[in-house]
Each structure stands twice: as structure tokens, then as C-alpha cells.
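Spelled out, the chains give:
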Amino acid sequence: MIQLRFTLLAICSFCLQNDVFAESITNQKIQEQVGHIESTSAIQDRIESIDDQAQLQRETARSLDHEIRLQSRYQAQLTNQLIQLQNVIDGLDVEMDNIRQTKVSLYPLLEQMTETLTELVLADLPFDRQTRLKRVNQLNGNLVDPQLSDAEKLERILIAYQTEIQFGTEVKTWFGRLTADQEVQYLRVGRLGYYYLSLDSSLAGVWRPKQQVWATLSSEQTKQVNQAITALNSGNTYPLLTLPKAQ
């Protein structure tokens, strides 16, 4: 009986030990599983963190690449603009050289034009000679006037030339003095003929350019001059004039 009890106790003790051992193993496995899960979770968190960092780096790399492309494009535009600007500067340098060369040669040209105009006035019919020579002398003064630009000097010379050119198309009569004691009426037909008629219409003369003198006209020629002056003074715009030759 006692042996049976001992046997039962031994079995119970063994069973209890097995239960405790099983429970210990189960707890250990659970702890191992929990540790594994926690380790896996930490690894996953780490992986996700690394992935986030990688994603951020990729975004940063794309942003930097975009900036680099923009900078490269901007740099190319600046380079092109600098090339164009340099071309403009080179062109301006050439223009400035041309201007300097023009200024160097312009004054002798203006001086020559003024001298030529003086010669033309002196060789031309002697109408309004003093006024015309005064205009030319003013041009000589303009050439040495520091307040006038080269363009203004050239403009005044060209105006003087234009005035002289217009004289060649005018048909004009006016009163003036032939000598200090004699007043006459003048007739000028462009540069083709230059005449005078005495106030009583009894005497007329013509300017001889080759001899640079007045030549007295015959009575018939005097009538022609008188008729021409009368026709012009009558108000006819384009009268038919018959005049003696001026040569």
C-alpha cells in the first residue's frame, strides 16, 4: 500500500515536473518568438528608415540634377549673351574708328567746299555779290567755331550751296544802283543773262561774263530788255522773253 502511494507520488511528481518543464519550454519559446518579433520589427523599422532616407536622397538628387540643368542652361544663355555683347562692342569699336577717320578727313572737306563756293560766287554773275560773299565768310567763321558740331557746319555749307543752286532757276527784276550816281532796274534770268535798264528806259546793258564788264546794248536790244521787264512786272508767271545774248 505504501509502495503504491510512493509510486503514485512519483508519477505525480514526474507529471508535475513535466508540466513545469513544458511550461518553461513554452515560455522560453514564447520569449524567443517575442524577441524574434521585436527583432524583426526593429529590422523592419530600420529598413523603413533606410528606405525613407534613400527616398529623400533620391528626391534630393533629382532636385540637384534639375538645378544643375537649369544652371547649365542659364550659363549657356549668359555665354551666348556675352558673345553677342562682345560682337556689339567690336562693331562699336569699328564704328568709332570710322567716325574718327571721318572726323579727320571731314574738316579738310568742309574747308574745300567753302573755298569752292567762294570761287563760284566770284566767278558768277555779280548780282547781290556782297551779300553772297558775306554768307561765305560766315561759313569760314563757322568752320573754326568750337560751339558748332561737324554736322552743323556741314548743314550750313549745304544750305549755302542750295541757295546758290536756286539762283540758277530764278527770273527776277529789282531796282538797284549801277553806280553811286545812277539807279537802274535789273533783270536776271537764272545764270543765262544779267541786264540793267535805265529808269527812263533809254539805255540798257548786259553783263559779259568772259570780260567781267557791262556792255551797252543797242536801241533794239534795249527795247527787248524793256519789254521783258514790263512782261515780268505785269504779273505773268511765265512770260515769253526775247533778250539779247549775254555772251
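In this report, we go over the structure that sits alongside the text. None of the values given here were measured: they were computed from a predicted structure.

Overall, antiparallel pairing links the five strands, which are arranged 1-2-3-4-5 in an open sheet. The strands lining the two open edges of the sheet, one partner per strand, are strand 1 (171–179) and strand 5 (213–216). With direction set aside, neighbouring strand axes in the sheet form an average angle of 30°.

With that settled, consider the packing of aromatic side chains. One pass over the structure, following the stated rule, counts nine aromatic pairs. Ring geometry for Phe127 and Tyr194: centres 6.2 Å apart, planes at 75°, overall edge-to-face. Linking Phe127 in the loop between helix 1 (2–123) and helix 2 (129–143) with Tyr194 in strand 3 (residues 193–198), this pair joins segments that are 67 residues apart in sequence. There is no split in this pair, since Phe127 and Tyr194 are both buried. Here Trp207 and Trp214 contribute two aromatic rings whose centre-to-centre distance is 5.4 Å and whose plane-to-plane angle is 75°, an arrangement assigned as edge-to-face. Classification of Trp207 as buried rests on a relative accessible area of 9%. On the accessibility criterion, Trp214 (27% relative accessible area) is partly exposed. One aromatic cluster in this structure is built from Phe127, Phe167, Trp174, Tyr186, Tyr194, Tyr196, Trp207 and Trp214. For the cation-ring pair, Arg132 lies above Phe127, with the distance from its terminal atom to the ring centre recorded as 4.1 Å. The cationic tip of Lys172 hangs over the ring face of Trp174; the distance from NZ or CZ to the ring centre is 5.8 Å.

The rules behind each value
Residues numbered from 1 in each chain as written. Predicted model: local features only at pLDDT ≥ 70, side-chain atom pairs only at ≥ 80, totals over all residues. Heavy atoms only, no water. Pairing = 2+ DSSP bridges. Helix = DSSP H or I, 4+ residues; strand = E, 2+ residues; numbered from the N terminus. Axes fitted to C-alpha atoms, helices over the stretch in contact; angles between N-to-C directions. Phe/Tyr/Trp six-rings, centres within 6.5 Å; stacked < 30°, edge-to-face > 60°. Buried < 20%, exposed > 50% of the residue type's maximum accessible area, 1.4 Å probe, protein only. Lys NZ or Arg CZ within 6 Å of the ring centre and 35° of its normal.

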